[in-house]
Amino acid sequence: MTTLETGTVVGAGLDRVDAPLKVTGSAQYPNDFSFPAMAHAALVGSTIAAGRIRGIDVTKALAAPGVLTVITHLNAPKLERGPMTLLGGSPPAPLQDDHVLHYGQHIGIVVAESAEQARHAARLVRVEYEAAEALLDVNDPRAEIVENPWGLDTERGDVTAGFAQADVVVDETYTTPDNTNNPLGLMATVAYWHGDALTVHDSTQWPHNVRASLAAIFKVPESGIRVLAPFVGGGFGAGLRVWSHVILTVLAAREVKRPVKLVLSRPEMFTSVGHRPNSVQQIKIGATRGGDLVAIEHHGISSVAMEDDDYEPVSYGSAVSYACPNVLTRDRQARLNIPCPGSMRAPAEGQGNFALESAIDEVAHAVGMDPLEIRLRNYAEENPVLGLPWSSKALRECYLEGAERFGWSRRTPEPGSMRDGRWLVGYGLAGVSYPFYQVPCQARASVRHDGSAYVRSAATDIGTGTYTVMTQLAAELLGLDVARVRFDLGDSDMPYAPQAGGSGLTGALGNAVHAACRRLVREFLDVVRDDTESPLHGAALDDVTVTDGRIHRIGDPARGETYTEILTRHGLEELSADGRSTPPQAEELGMALSGAFGAKFVEVRLDPELGLLRVARVVSAIDGGRILNEKTATSQIIGGTVGGISQAMFEETATDQGTGRIANATFGDYLMPVSADVPDMEVLFVGGPDRATAVGTKGVGEVGLVGLAAAIGNAVFHATGRRIRSLPITIDQLML
């Protein structure tokens, strides 16, 4: 298998090809769509966290101006739960019984002529409850515990014997709170039926999943459903599942036989589309006086909803990050009366890395070793679980080049020893090993009579630059200027694509585009194989290359012809080819599949009298495999860095323990960083293409966030001598 040769297009810092549509307001997001006779919907949410509905009175709501219908569990049809997906099971189907499982649960939907009328009528619905005591604390002994939910618990060596050999043991508990995704754009769904066929505009990160789920729930053929999401805006994982508001919008459209639009309110975003679950993690690490790790034991428990599941193996990163002979990792989930958790940027790793990299820093301090040195000393040259060499790993270079760029050598080891006037100064570090993720994907490429190319796949672009990097990749592979290539996505009628999530889409889609474009060039060669007038007569794929819209023989540019010349001579308007990618298998390659790696270096400033914490600088050194567009990749790391600062210092979804109500479900109360909180950021990419795939990418969507919380916490310790083991880091924790 050969990787893509670097050319003049891939890697270039090309501006986003979709930027003109966005800055001129021409890009249409789901909320922008309107249709004749379109109705509007509003949700009725539960005001208790556990129990059942004893009665529900919709009389006043039905009598309100403009109301078309009110649907509750009393008149809703039987709906099947959605299918199993690549990310786990679908959430429970809505309005199927009188049970209440969390505060804000959708217990009704009102449809009216206008959005204002629907919202007004929804407030007129009267509900009588039989409340039960809610389980809201992950440590509540009454909570049902799910052991080893994903079969990813690991054990190698003998941790008991390892700890017996240790000169130093760090045994601490680290906690992380619920966080809520909160993309700026409110999530919206527009649905309309035409007979048994259905069209849906949705804020989804995975159109094919929406199509398959709705087909199963409403018992209609997938072929009759079209899901459109050419522009989504942010999602951060909130758009990966088919949530109940999507199902209810489709149901409402079928009931009123008109197009229906539903836009979630900001408070509903906190209860309707997932969140990062909280975690309590116990980490025990043993080391020799020389800094060799001899044992790691990592136990994690996170929250999950009563009748749902969520993929959050917070402890697993500890199994693969360091060359330690004795390691045990265990994960559990506690079932609580909370809204369904879901993926939020860097799921599981965002929480697990905070605990692991904080604990490694504690070990370094305990043995009197530089935090950078202890990480290099215990560097995992091969995958510790599989015992195979990595398909690529430049984490050592991330450490060394990042440290050089940051100026780590200026760090003095003693906590509290660095000052700038009244400010205490701290340097912190964290390493990142983000897991490999890739699933099958398909793409189709066409070259038209005018020599332009059209490439498409049913992926989504949630701001990561998918439109742009796939345009670049196709242009490189077809030998065309990027202005001659159009890449389209966000339509379930296009070839299958997986979700935009898990840092896996660029790899899966890029390899599918690679396959489609290579096959398309082969199709052109097949057309002229027996054409004695063609200078490409009898040429095989390995005999040719493509430049400037021409296929020509390698080493002899004169012996070739343009796509247009071939199509014209053979009376063809266009040629098309399909390509697919299949995830590589470690056993077949003899290599452990590598995700992205990184090292995060942070400088903090802290006012010891006021407890004010400021992040002054961040340097992120990233091994992301082949970087298709350094500008958009840098943007991803910068965005992830801001998210990491937010996780470390600001974000906490606060649930009232008496009622289960989220107490800060507005942008006025839910804290996030603003421009003044964001420091100077520097990003450098190291390493080269990954050997496991044709294109050689590894994905950088998540690796930008992971490690920031630990690096900031470690920097705070260096500045103050105070170890922070609970996020977010707040003023009350820092008053010295």
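This one's a predicted model, so the numbers in the text were calculated from it and none came from an experiment. (Residues numbered from 1 in each chain as written. Predicted model: local features only at pLDDT ≥ 70, side-chain atom pairs only at ≥ 80, totals over all residues. Heavy atoms only, no water.)

**Details of the overall build of the protein**
Item 1. On a plain count of helices and strands, the protein comes out with 18 helices and 28 strands.
Item 2. Over its C-alpha trace the protein gives a radius of gyration of 27 Å, about what one expects of a compact globule, namely 27 Å for 736 residues.
Item 3. Projecting the C-alpha coordinates of the protein onto the three principal axes gives extents of approximately 80 × 70 × 50 Å.
Item 4. The proportion of buried residues among the 736 residues of the protein is 60%.
Item 5. Across the protein, every contact between residues at least 6 apart in sequence was considered, and the portion connecting residues at least 24 apart equals 80%.
Item 6. In the structure as shown, the protein presents an accessible area of about 27500 Å², 50% of it carried by carbon and sulfur atoms.
Item 7. In the protein, which carries 63 positive and 88 negative side-chain charges, the distance between the mean positions of the two groups comes to 2 Å. (Helix = DSSP H or I, 4+ residues; strand = E, 2+ residues; numbered from the N terminus. Rg over C-alpha atoms; globule rule 2.2 N^0.38 Å. Buried < 20%, exposed > 50% of the residue type's maximum accessible area, 1.4 Å probe, protein only. Contact = heavy atoms within 4.5 Å. Areas by Shrake-Rupley, 256 points an atom, 1.4 Å probe, with all protein chains shown as cover. Lys, Arg positive; Asp, Glu negative; His and termini not counted. Charge placed at Lys NZ, Arg CZ, Asp CG, Glu CD.)

**Examining the sheet that holds strand S18 (residues 423-433)**
Item 1. As summarised here, the arrangement of the 5 strands in space is S17-S18-S26-S27-S28, forming an open sheet in which the pairing is mixed. Only two strands of the sheet have a single partner each, and these edge strands are strand S17 (419-420) and strand S28 (680-685).
Item 2. Note that strand S27 (residues 612-623) and S28 share 6 bridges and pair parallel. If you follow Arg-617 over to S28, its bridge partner there is Asp-680. (Pairing = 2+ DSSP bridges.)

**A few points about the confidence of the model for the protein**
Item 1. Looking at the protein as a whole, its pLDDT mean stands at 97, while 99% of the residues score no less than 70.
Item 2. Ranking the elements of the protein by mean pLDDT puts helix H18 (residues 731-734) last with 92 and strand S5 (residues 106-112) first with 99. (pLDDT = per-residue confidence, 0-100.)

**Details of the sheet that holds strand S1 (residues 39-45)**
Item 1. Within the open sheet, the 7 strands sit side by side as S3-S5-S1-S13-S10-S11-S12. Their pairing is mixed. With one partner strand each, in any of the chains shown, strand S3 (67-72) and strand S12 (225-228) form the two edges of the open sheet. The average undirected angle you get between the axes of adjacent strands in this sheet is 20°.
Item 2. Helix-sheet contacts for helix H3 (residues 115-122) involve S1, S3 and S5, and the interaxial angle to S1 is about 25°.
Item 3. Along the sheet face, helix H5 (residues 207-218) touches strand S10 (188-194), strand S11 (197-202) and S12 and points at about 145° away from the line of S12. (Axes fitted to C-alpha atoms, helices over the stretch in contact; angles between N-to-C directions.)

**Looking at a positive patch on the surface**
Item 1. A cluster of basic residues, Arg-518, Arg-519, Arg-522 and Arg-580, forms a positive patch at the surface.
Item 2. When residues of the positive patch are assigned to their parent elements, the largest contribution, 3 residues, is made by helix H13 (residues 505-528).
Item 3. Tracing the sequence through the fold places Arg-580 in strand S25 (residues 574-581).
Item 4. On the accessibility criterion, Arg-580 (58% relative accessible area) is exposed. (Patch = residues over 30% accessible without salt bridge, like charges linked within 9 Å, V, L, I, M, F, W, Y side chains within 5 Å. Salt bridge = Lys/Arg side-chain N within 4 Å of Asp/Glu carboxyl O.)

**Considerations on the packing of aromatic side chains**
Item 1. In the structure shown here, the tally under the stated rule is 15 aromatic pairs.
Item 2. When the centroid spacing of 6.4 Å and the interplanar angle of 10° are considered together, the rings of Phe-33 and Phe-35 count as stacked.
Item 3. By relative accessible area, which is 15% here, Phe-33 ends up buried.
Item 4. Here a set of aromatic residues connected by ring pairs shows up, and it is made of Phe-406, Trp-408, Tyr-427 and Phe-601.
Item 5. Positioned above the aromatic ring of Phe-163 is the side chain of Lys-284, whose terminal nitrogen or guanidinium carbon lies 4.4 Å from the ring centre. (Phe/Tyr/Trp six-rings, centres within 6.5 Å; stacked < 30°, edge-to-face > 60°. Lys NZ or Arg CZ within 6 Å of the ring centre and 35° of its normal.)

**Describing the packing of helix H12 (residues 466-478) against H13**
Item 1. For the pair H12 and H13, the least separation of the axes is 9 Å and the interaxial angle reads 30°. It follows that H12 is roughly parallel to H13 by the angle criterion. Where H12 crosses over H13, the two elements pack in a sense that is right-handed. Across from Thr-466, Met-470, Leu-473, Ala-474, Leu-477 and Leu-478 in H12, the residues of H13 making contact are Leu-505, Thr-506, Leu-509, Gly-510, Val-513, His-514, Cys-517, Leu-520 and Val-521. (Parallel < 35°, antiparallel > 145°, perpendicular 65-115°, else oblique. Left-handed = near helix turned anticlockwise from the far one by under 90°.)

**Here's the deal with unusual backbone geometry**
Item 1. Between Leu-727 and the following residue, Pro-728, the backbone shows a cis peptide bond with an omega angle of -5°.
Item 2. Within the element layout of this structure, Pro-728 appears in the loop between helix H17 (708-720) and H18.
Item 3. Positive phi, normally seen in glycine, also occurs at Asn-148, with a value near 45°.
Item 4. Tracing the chain through its elements places Asn-148 in the loop between strand S7 (145-147) and strand S8 (154-156).
Item 5. In this structure, Ala-346 takes a positive phi of about 65° despite not being glycine.
Item 6. Assignment of secondary structure puts Ala-346 in the loop between strand S16 (327-336) and helix H9 (349-367).

**Regarding H9**
Item 1. Its 19 residues give H9 an end-to-end C-alpha distance of 26 Å, which sits within 8% of 27 Å, the value for a rise of 1.5 Å per residue.
Item 2. Of the residues trailing H9, Gly-368 is marked for its positive phi of about 70°. (Expected span 1.5 Å × (residues − 1).)

**Describing the pairing of S11**
Item 1. With respect to burial, S11 is a largely interior element, 6 of its 6 residues being buried.
Item 2. The side-chain alternation of S11 yields two buried faces, one formed by Ala-197, Thr-199 and His-201 and the other by Leu-198, Val-200 and Asp-202.
Item 3. Here S10 runs beside S11; their pairing, made up of 6 bridges, is antiparallel. Bridge pairing links Tyr-192 to Thr-199 in S11.
Item 4. Taken together, the 4 bridges between S11 and S12 define a ladder with parallel strand orientation. Residue His-201 lies in a different strand from S12, and its bridge partner there is Leu-228.
Item 5. With respect to chirality, the unit in which S11 leads through H5 into the neighbouring parallel S12 is right-handed. (Right-handed = clockwise from strand over helix to strand, strands pointing away.)

**Here's the deal with the environment of Gly-696**
Item 1. Tracing the backbone through its elements, the reader meets Gly-696 in the loop between S28 and H17.
Item 2. Excluding residues that lie within four positions of it along the chain, Gly-696 makes contacts with Gly-625, Arg-626, Pro-689 and Asp-690.

**A short note on the nonpolar core**
Item 1. Counting residues in each nonpolar core, the largest one holds 67 residues, and the members touching the most others are Ile-285, Leu-293, Val-602, Leu-613 and Ile-712.
Item 2. Other than its neighbours up to four places away in sequence, Ile-712 contacts Val-602, Val-604, Leu-613, Val-615, Ile-645, Ala-648, Met-649 and Ile-729.
Item 3. Counting residues in hydrophobic clusters, the runner-up holds 53 residues, among them Ala-229, Val-455, Ala-497 and Ala-539. (Core = buried A, V, L, I, M, F, W, Y, C linked by side-chain atoms within 4.5 Å.)

**Structural notes on the pattern of salt bridges**
Two side chains with opposite charge may pair up if their charged atoms get near one another.
Item 1. Tallied over the full model, the rule gives 34 salt bridges.
Item 2. Note that Asp-488 and Arg-486 form a salt bridge whose closest N and O atoms lie 2.5 Å from each other.
Item 3. You can call Arg-486 partly exposed: its relative accessible area is 45%.
Item 4. Measuring nitrogen to oxygen at the nearest pair gives 2.9 Å for the salt bridge that ties Glu-561 to Arg-569.
Item 5. By relative accessible area, which is 31% here, Arg-569 ends up partly exposed.
Item 6. Residues participating in the shared-partner salt-bridge network are Asp-420, Glu-603, Arg-605 and Arg-617.

**Some words on the packing of H9 against H17**
Item 1. Running from N to C, H9 and H17 point in directions that differ by 30°, and their axes come no closer than 8 Å. Taken together, the axis directions place H9 and H17 in an arrangement best described as roughly parallel. Judged by the sense of rotation from one axis to the other, the crossing of H9 with H17 is right-handed. Contact residues: H9 offers Asn-353, Phe-354, Glu-357, Ser-358, Asp-361 and His-365, while H17 offers Ala-709, Ala-710, Asn-714 and Phe-717.
Item 2. Among the residues forming the contact of H9 with H17, the class breakdown is 4 nonpolar, 4 polar and 2 charged. (Nonpolar A, V, L, I, M, F, W, Y, C, P; charged D, E, K, R; others polar.)

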